[in-house]
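Structure at a glance
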Number of protein chains: 2
Amino acid sequence: MQESKKAVILLSGGLDSATVLAIAKDRGFECHTMSFDYGQRHRAELHAAERLAQSMGARTHRVMNVDMRQIGGSALTDDSMAVPVGGVEKDTIPVTYVPARNTVFLSYALALAEVIGADDIFIGVNAVDYSGYPDCRPEFIEAYEKMANLATKAGVEGHHLSVQTPLIDLSKAEIIQTGHQLGVDYALTVSCYQADDQGRACGVCDSCRLRKQGFKEAGVEDPTLYQNGA
Amino acid sequence: MQESKKAVILLSGGLDSATVLAIAKDRGFECHTMSFDYGQRHRAELHAAERLAQSMGARTHRVMNVDMRQIGGSALTDDSMAVPVGGVEKDTIPVTYVPARNTVFLSYALALAEVIGADDIFIGVNAVDYSGYPDCRPEFIEAYEKMANLATKAGVEGHHLSVQTPLIDLSKAEIIQTGHQLGVDYALTVSCYQADDQGRACGVCDSCRLRKQGFKEAGVEDPTLYQNGA
């Protein structure tokens, strides 16, 4: 039996990264998932990631502790900043932006990739719905990949490390359709910025709105559990 | 009075990064230092970094907890691997290499730079004595800087983020001469891979050999405290 190629998958527990895991699995990779505990308010995401990794057959799952609170600067980690509920403004950077988040997360993924001998890192960035985040843009990913190949032993020894972004050009509806076809159980995922302990969504934050709208446009039944039946 | 420009300085507590802090200070930066607790054996370095930050007038100092043990793969973090004492081999990657270490560390520095509004990150990489580490090469630093400017809000808003490597082309002796002229107290620094709790060096590991040789070549008295008077 041929050995599967290994891949590191950044798995937040949200809808996007669950879809990415399904795609990587569908492409035949042995999947090693990685989540980040960076003091985020939406702790339910971390539990969701663990359940997803398990139910979708990841080979290993790690939760990395990342010290973002010591650095501060985002509504997602800083309690003194309010979470916005008024819709995503285009062409501005949302206050939910965590400084250099994807750069930090990808760097841990790179370290793991190097140690386990994976040539592929999958990340669910998306340039369509979240155009305000600089570290979700294709030009960022390209520059990251180039840097990563210079950073590592693997790069020096002639392996090519690839940062795969299968969702980058997809709308939320297309992401949902893709995952639906691959059998993703979206009831296990949490997107809400202020989900409760059971992972039930608020239904009103920007992330909930985008998600609701996505299911509607995809023509897929929305399995999300909402607080107060919202 | 004009406000000083801010810089983030990666400060390990070793000889090189102490010199970098002195250089940044000499160039007029308000210095924000950052150390990393990544489960390294040489814990004495972390204490040294704190003492250096304090005595050299850093504005803030942070110790970031980084989960390298969960990832493994290096003699510096993995107890089952021996620390080499037989001299640095050229053209091979030392087993003391920590996977993607500088990539991870620079990413935290980038996050902090973004939050405090610093346009400069200083790192004491050196391509001369440690040519085996891929993430100490100038081409890596260039690629990192390019990526960093695409990753961040600051980059989007037209600031240029610069990764400064003032030691990159210097020999150990030149580094020591530079720091000596700037008044660095090298007795406060720890380079040894297996320093004891008081920060005293073993005198025999590769890092100790390079350091000893450096003081000798620089014609500067070596203030290092050695175990057993070695």
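By the naming in an unreviewed UniProt entry, chain A is 7-cyano-7-deazaguanine synthase, taken from Thiomicrorhabdus xiamenensis. We quote the UniProt Pathway (unreviewed entry) comment for chain A here in full: "Purine metabolism; 7-cyano-7-deazaguanine biosynthesis." Among the UniProt annotations of chain A, the heading Catalytic activity (unreviewed entry) holds the following wording: "7-carboxy-7-carbaguanine + NH4(+) + 2 ATP = 7-cyano-7-carbaguanine + 2 AMP + 2 diphosphate + 2 H(+)".

All names here are of chain A. The sites that UniProt annotates as "binding site: ATP" (unreviewed entry) are Leu11, Ser12, Gly13, Gly14, Leu15, Asp16, Ser17, Ala18, Thr19, Val20 and Leu21. Ignoring anything within four residues of it in the chain, the contact list for glycine 13 reads Ser35, Glu45, Leu46, Ala48, Ala49, Leu52, Thr189 and Val190. Mapped onto the elements, leucine 15 comes out in helix 1 (residues 15-26). The buried category is assigned to leucine 15, around which 27 C-beta atoms lie within 10 Å.

This brings us to the sheet that holds strand 2 (residues 30-37) of chain A. Residues and elements named next belong to chain A. Pairing within the open sheet is parallel, and its 5 strands lie in the order 3-2-1-4-5. If you trace the sheet from one side to the other, it starts and ends with strand 3 (60-65) and strand 5 (162-164), each paired once. Taking each pair of neighbouring strands and ignoring which way they run, the sheet shows an average axis angle of 25 degrees. Direction of pairing for strand 2 relative to strand 3: parallel, over a ladder of 6 bridges. Bridge assignment links phenylalanine 36 to a residue of strand 3, and that residue is methionine 64.

Moving on, we come to the sheet that holds strand 1 (residues 6-10) of chain B. Sheet strands associate in pairs through backbone hydrogen bonding, adopting either a parallel or an antiparallel arrangement. Residue and element names in this part refer to chain B. One open sheet holds the 5 strands; their spatial order is 3-2-1-4-5, and the pairing between them is parallel. At either end of the open sheet lies a strand with only one pairing partner, and these are strand 3 (60-65) and strand 5 (162-164). The mean angle between the axes of side-by-side strands here comes to 25 degrees, regardless of whether they run parallel or antiparallel. The sheet contact formed by strand 1 and strand 4 (residues 120-122) spans 3 bridges and is parallel. Looking across to strand 4, one finds that isoleucine 9 is bridged to phenylalanine 122.

Scoring rules and cut-offs
- Note that residues are indexed from 1 along each chain, following the sequence as it is written.
- Following the order in which they are written, the chains are lettered starting with A and the ligands numbered starting with 1.
- Totals for whole chains, interfaces and linings use all residues, but because this is a predicted model, local features are given only for residues with pLDDT of at least 70 and pairs of side-chain atoms are given and counted only at 80 or more.
- UniProt positions are given in the numbering used here, feature names are shortened, and annotations may be inferred rather than shown by experiment.
- This entry defines residue contacts through backbone-placed C-beta atoms, with two residues in contact when those atoms are within 7 Å.
- Here a strand is any run of E in DSSP of at least two residues, a helix any run of H or I of at least four, and the numbering for each starts at the N terminus.
- As a rule, residues whose C-beta atom has 12 or fewer other C-beta atoms within 10 Å are exposed, those with 20 or more are buried, and those in between are partly exposed; C-beta atoms are placed from the backbone.
- Between any two strands, pairing holds if DSSP finds at least two bridges.
- Each axis is a line fitted through C-alpha atoms, taken for helices only over the stretch in contact, and angles between the N-to-C directions span 0 to 180 degrees.

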